[in-house]
Structures are given as C-alpha cells and as structure tokens.
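# Residue-level structural notes
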Amino acid sequence: MQWTNRRPIGPWEYIDRIRLRRAALRYAARGWAVTPGAYLSGHRFHCGRAGCPIMGCHPAIESWEDNSSTDARRVARWWRRRPYTVLLATGWRFDVLEVPAAVGLRALGAIRLHTGVLGPERGDARGPVAVTPTGRWMFLVQPGTELRPELGACLDVLRHGRGSWVPAAPSRMPEGPVRWAVTPEQTGWHLPGSAAVQAMLLDALDAVGGRPQRTFTVSVPRQMSTARRAA
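An account of the accompanying structure is given in this report. (Residues numbered from 1 in each chain as written. Predicted model: local features only at pLDDT ≥ 70, side-chain atom pairs only at ≥ 80, totals over all residues. Heavy atoms only, no water.)

## Considering the side chain of threonine 132
Filter applied, for reference: The numbering of helices and of strands both runs from the N terminus, where a helix is a DSSP run of H or I of at least 4 residues and a strand a run of E of at least 2. Only protein chains enter the calculation, and the probe is 1.4 Å; a residue is then buried if its accessible area is under 20% of its type maximum, exposed if over 50%, and partly exposed in between. Here a polar contact means two N or O atoms within 3.5 Å. Within protein one must be a hydrogen donor candidate and the other an acceptor candidate, and residues neighboring in sequence count only if both atoms are side-chain atoms.
Mapped onto the fold, threonine 132 is located in the loop between β6 (129-131) and β7 (136-141). Overall, threonine 132 belongs to the buried group, its relative accessible area being 11%. One polar contact links threonine 132 to threonine 134, side chain to side chain, over a distance of 3.0 Å.

## A look at the side chain of serine 69
Rules: Should any heavy atoms of two residues lie within 4.5 Å, those residues are counted as being in contact.
By the element assignment, serine 69 lies in the loop between α2 (64-67) and α3 (72-78). The contact partners of serine 69, leaving out residues within four places of it in the chain, are Ala28, Trp32, Ala33, Val34, Arg74, Val75 and Trp78.

## A few points about the pattern of salt bridges
Stated formally: Counted as salt bridges are all cases of a side-chain nitrogen of Lys or Arg within 4 Å of a carboxyl oxygen of Asp or Glu.
For the structure shown, the criterion picks out eight salt bridges. Between glutamate 185 and arginine 26 there is a salt bridge, and its shortest N-O distance comes to 3.0 Å. Of this pair, glutamate 185 sits in the loop between β12 (179-182) and α6 (194-207) while arginine 26 sits in helix α1 (residues 11-29); the two residues are 159 residues apart in sequence, bridging distant segments of the chain. On the accessibility criterion, glutamate 185 (42% relative accessible area) is partly exposed. For glutamate 98, the salt bridge identified is with arginine 136, shortest N-O distance 2.8 Å. One end of the pair, glutamate 98, is in strand β5 (residues 95-100); the other, arginine 136, is in strand β7, with 38 residues separating them in the sequence. Taking relative accessible area as the criterion, glutamate 98 reaches 0% and is therefore assigned buried.

## Describing the packing of aromatic side chains
Counted only if it meets this: Only centres within 6.5 Å qualify two rings of Phe, Tyr or Trp (six-membered ring in Trp) as a pair; their planes then separate them into stacked at under 30 degrees, edge-to-face at over 60, and tilted for everything else. Cation placement over rings: the criterion is NZ of Lys or CZ of Arg within 6 Å of the ring centroid and within 35° of the ring normal.
Inspection of the entire model under this criterion finds six aromatic pairs. Ring geometry for tryptophan 32 and tryptophan 189: centres 4.8 Å apart, planes at 65 degrees, overall edge-to-face. Highlighted residues: tryptophan 32 in the loop between α1 and β1 (34-37) and tryptophan 189 in the loop between β12 and α6, separated in sequence by 157 residues. Relative to tyrosine 84, the ring of tyrosine 39 lies with its centre 5.8 Å away and its plane at 65 degrees, an arrangement referred to as edge-to-face. With a gap of 45 residues between them, tyrosine 39 in strand β2 (residues 39-41) and tyrosine 84 in the loop between α3 and β4 (85-89) connect regions that are remote in the sequence. Accessibility assignment for this pair places tyrosine 39 and tyrosine 84 in one class, buried. Among the aromatic side chains, those forming a connected cluster through ring pairs are Tyr27, Trp32, Phe94, Trp180 and Trp189. One residue, arginine 162, lies across the ring of tryptophan 92, its end atom 3.5 Å from the ring centre.

## What to know about the sheet that holds β5
How we decide: For two strands to pair, DSSP has to find at least two bridges joining them. All axes here are fitted lines through C-alpha atoms, helices being fitted over the stretch that makes contact, and every angle between N-to-C directions spans 0 to 180 degrees.
Read across the open sheet, the five strands follow the order β8-β5-β7-β6-β12; overall the sheet is antiparallel. Lying at the two open borders of the sheet, with one neighbouring strand each, are β8 (158-160) and β12. Adjacent strand axes in the sheet meet at a mean angle of 30 degrees when their direction is disregarded. The sheet contact formed by β5 and β8 spans three bridges and is antiparallel. Paired with leucine 97 across the bridge in β8 is arginine 159. Strands β5 and β7 of the sheet are contacted by α6, whose axis makes an angle of about 5 degrees with β5.

See below:
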C-alpha cells in the first residue's frame, strides 16, 4: 500500500492510476491534449480542490483548457498520486459528435457497411468511437465543422468543440468504465471528416424516428457541451 500526506492509496486505486496514466500518455503521444479530471471515490467525484461543490465528472485543475497538454512529463506528473479521470480537450485535434445509443449503434453499422461496399477511397467515415456506461456514443471527427441544422435541433445530439471535453477510456464513471467501441488503433488514429459522419448520424436518426418534429420526449444527457452546461 502506498501512502501520501492525505490518505492511504489501496492496491486497486494504485492499479487504476497506472492504467489511467498509461492511457493518458498514449493519447498525448498522438497529439491529443489531455487534462486530469476529478477521480471517482464512492458515488461522487473528487478533484482535490477545497470546497469544490461539483459532484459529477469535471476537470481537476483551474484553467483546464489552457493547461491541457501533450507533454509527457507534465502528463505523467498529473497521474503521479491520484487515479484522475482522463479528459480529452476537444476542438483542437478533433471534435466529438455525441449521440444516443440507438443512433450510435446504427450509424456505426452503416459506416462499416458503406466502407466495405464502396471502399475507403469513396469517403472514409471510419474513426474512433467511444461509449460511456450510460449509453452515450461519441464519434471522434476532424475539428471545425458545425452541426447540421437537423442534428442541432435535437437536444440529445451534441457537438463537442472548442471549450469542451469528453472522458476517455478507461476512465470510470459511477455506472462503469468508458470504453472504445472502435479503438484509435483500429483505424490507425484516422479522424474522418465531420460531414461524412454527420450524414450517417442523420440517416440513423431518421431510421429510429428521432426527429424533433415527431413529438417525442428527450432526456438531457449527463455529459454536455460547455455551452449547454452553462445554459
């Protein structure tokens, strides 16, 4: 058991910290800026800042966007003592399109079929896809493209760009770990164009009857873009 000046770190927390640090270093080595997030302890997150009232997942450092980094020494130092959640800063190397499970699963199947039939030279929409334990699917795409109006009208479809972040595998949430449905290694760290993926998501949304004009009830997702978190 390892001891610090705060409290003892048990063997499982130590193992988690090593796994999270290794993942953070792997992302940083590919130019994906990471920042430490509050770590899960029991059923709430702790960032180590005195008096912090936030119980959900959130950045553990001040000015997190300015301080997110790909520097291996800084990243390793962040994970030296605590099993911080690995957060990826979006809007720089990639954006993230976040959708409900039914839409994400159908879109991923369509992307695989499209590429298999037409070939990647006809528009490769394949890229890394992460899944949260609450069923949110996150498609990593090239940055800078706004959501199509049809997708932007859906409250449960989000684009994470500048000023936002997403949790990355193998970070733990109260319901379980974040995982990759398609790992970055499976696609050679390729990031598809946002327009191509959005077209697939829109087709999937139509297939599951998710257009707003169909009068249905949506639940606001837990992990929201910065703009909607502040609203």
